[in-house]
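So you can see what is in the structure, the chains are spelled out below.
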Amino acid sequence: QVQLVESGGGLEQPGGSLRLSCAASGSIFRINTMGWYRQAPGKQRELVATITSGGSTNYADSVKGRFTISRDNAKNTMYLRMNNLKPGDTAVYYCNAEISGNVSGNYYNYWGQGTQVTVSS
């Protein structure tokens, strides 16, 4: 079994910063691409940022220059540093990862349970 657990969400004022973490645990042989997604009330889940095992990153236009995605492969953990937060960033943030549990190389997609980020004065 594989589990993804997010942490670090909360209430922050506009212009503030938060750092989210996503820790993967369980039967893990290798983790490929990891990513952060978010879902605001009444809206579809959307991509925030992704990072490959080699460190290549991709960001949604709405967060470029404000958010930074990173990962620690030794700890099977991914991070999202969010600066200059805006009310429009309010959403539940989900961690996603492509994980292989054995050397055969079959990857499966996993999701975390989500962490709430609220940006409000």
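As a reminder, the structure under discussion sits directly above these lines.
Conventions adopted
- Residues numbered from 1 in each chain as written.
- Predicted model: local features only at pLDDT ≥ 70, side-chain atom pairs only at ≥ 80, totals over all residues.
- Heavy atoms only, no water.
- Pairing = 2+ DSSP bridges.
- Helix = DSSP H or I, 4+ residues; strand = E, 2+ residues; numbered from the N terminus.
- Axes fitted to C-alpha atoms, helices over the stretch in contact; angles between N-to-C directions.
- Salt bridge = Lys/Arg side-chain N within 4 Å of Asp/Glu carboxyl O.
- Buried < 20%, exposed > 50% of the residue type's maximum accessible area, 1.4 Å probe, protein only.
- Core = buried A, V, L, I, M, F, W, Y, C linked by side-chain atoms within 4.5 Å.
- Phe/Tyr/Trp six-rings, centres within 6.5 Å; stacked < 30°, edge-to-face > 60°.
- Lys NZ or Arg CZ within 6 Å of the ring centre and 35° of its normal.
- Lys, Arg positive; Asp, Glu negative; His and termini not counted.
- Polar contact = N/O pair within 3.5 Å; in protein donor to acceptor, adjacent residues only side chain to side chain.
- Contact = heavy atoms within 4.5 Å.

Q: Give me the lowdown on the sheet that holds strand β8 (residues 77-82), citing residues and values where you can.
A: Sheets are built from strands that pair by backbone hydrogen bonding, the pairs being arranged parallel or antiparallel. Across the sheet, which stays open at both edges, the four strands sit in the order β1-β3-β8-β7 with antiparallel pairing between neighbours. Strands at the two margins of the open sheet, each flanked by one partner only, are β1 (2-7) and β7 (67-72). Taking each pair of neighbouring strands and ignoring which way they run, the sheet shows an average axis angle of 15°. For β7 and β8, the ladder comprises six bridges, and the chain directions are antiparallel. Bridge pairing in β8 places Thr68 opposite Arg81.

Q: So what's going on with the pattern of salt bridges? Residues and values would help.
A: For the structure shown, the criterion picks out four salt bridges. When the shortest N-O distance is used, the salt bridge between Arg38 and Asp89 registers 3.0 Å. One end of the pair, Arg38, is in strand β4 (residues 30-39); the other, Asp89, is in the loop between β8 and β9 (91-100), with 51 residues separating them in the sequence. For the pair Arg38 and Asp89, a shared accessibility class is recorded, and that class is buried. Linked by salt bridges that have partners in common, Arg38, Glu46, Arg66 and Asp89 make up one network.

Q: Before we move on, can you summarise the nonpolar core with the specific residues and values?
A: Ranked by internal contacts, the top residues of the largest apolar core, which has 29 residues, are Trp36, Leu80, Met82 and Tyr93. Those elements that provide at least two residues to this core are β1, β3 (18-26), β4, β5 (46-51), β7, β8, β9 and β11 (115-119). Per-element accounting of this core gives the leading share, five residues, to β9.

Q: Give a detailed account of the packing of aromatic side chains, specifying residues and quantitative values.
A: Tallied over the entire structure, the rule returns one aromatic pair. Geometrically, the ring pair formed by Tyr37 and Trp111 is edge-to-face, given 5.1 Å between the ring centres and 65° between the ring planes. Remark: Trp111 occurs in strand β10 (residues 107-111) and Tyr37 occurs in strand β4; sequence separation between them is 74 residues. Judged by its relative accessible area of 22%, Tyr37 is partly exposed. Over the ring of Tyr94 we find Arg45, and its NZ or CZ is 3.7 Å from the ring centre.

Q: Break down the side chain of Arg71 for me, with residues and values.
A: Mapped onto the secondary structure, Arg71 falls in strand β7. The side chain of Arg71 is buried and forms no salt bridge, while Glu98, the nearest opposite charge, is found at 8.2 Å. At 3.2 Å, the side chain of Arg71 forms a polar contact with the backbone oxygen of Ile51. Leaving out residues up to four positions away in the same chain, Arg71 has contacts with Ile31, Asn32, Thr33, Met34, Ile51, Thr52, Ser53, Thr77, Met78 and Tyr79.

Q: How would you explain the environment of Tyr94 if you had to name every residue and give the values?
A: Here Tyr94 lies in strand β9. Given a relative accessible area of 14%, Tyr94 falls into the buried group. Spatially, the C-alpha atom of Tyr94 lies 6.8 Å from that of Trp111, the residues being 17 residues apart in sequence. Ignoring anything within four residues of it in the chain, the contact list for Tyr94 reads Glu6, Gly35, Trp36, Tyr37, Gln39, Arg45, Trp111, Gly112, Gln113 and Gly114.

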